[in-house]
Amino acid sequence: MVAGYAFSHETVFADLRLAAMTREREPSSKAYRQDRFENTERAAKETIEAEQRARREKTKRLKELRLSKQDGKDPAAK
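None of the values given here were measured: they were computed from a predicted structure.

Undergrad: Just give me the short version of the overall build of the protein, but keep the residues and values in it.
TA: Scanning the protein from terminus to terminus reveals 2 helices and 0 strands. Evaluated residue by residue, the protein yields a buried proportion of 0% over its 78 residues. Element-wise, carbon and sulfur atoms account for 57% of the exposed surface of the protein, whose accessible area totals about 7,900 Å².

Below you can see the structure in the form of structure tokens.
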């Protein structure tokens, strides 16, 4: 029984190896890598721009809040 199990186990792996060898490859792995690199680069650039935009908006809100507090506390300071 153990020998039968080992035989079928080896047969399964042989079938998998054969399937892997006969499988179609990517059309152009270099083009795929280049495309993936460009997509990653674009996503990183968009993320950086979004973070910078959020930082500017936060700074603007804090500045407005600070000015409104100054106006409310001491109107003669103008």
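Read on for the rest.
Undergrad: Now, about a nonpolar patch on the surface: what can you tell me, with residues and values included?
TA: Together, Val12, Phe13 and Leu16 make up a nonpolar patch on the protein surface, roughly 280 Å² of accessible area in all. Counting through the fold element by element, Leu16 comes out in helix H1 (residues 2–22).

Undergrad: Which residues make up the environment of Arg42, and what are the values?
TA: Following the sequence through the fold, Arg42 ends up in helix H2 (residues 29–73). Overall, the relative accessible area of 44% leaves Arg42 in the partly exposed class. Of the polar contacts made by the side chain of Arg42, one reaches the side chain of Asn39; its length is 2.6 Å.

Rules used in this analysis
- Residues numbered from 1 in each chain as written.
- Predicted model: local features only at pLDDT ≥ 70, side-chain atom pairs only at ≥ 80, totals over all residues.
- Heavy atoms only, no water.
- Helix = DSSP H or I, 4+ residues; strand = E, 2+ residues; numbered from the N terminus.
- Buried < 20%, exposed > 50% of the residue type's maximum accessible area, 1.4 Å probe, protein only.
- Areas by Shrake-Rupley, 256 points an atom, 1.4 Å probe, with all protein chains shown as cover.
- Patch = residues over 30% accessible without salt bridge, like charges linked within 9 Å, V, L, I, M, F, W, Y side chains within 5 Å.
- Salt bridge = Lys/Arg side-chain N within 4 Å of Asp/Glu carboxyl O.
- Polar contact = N/O pair within 3.5 Å; in protein donor to acceptor, adjacent residues only side chain to side chain.

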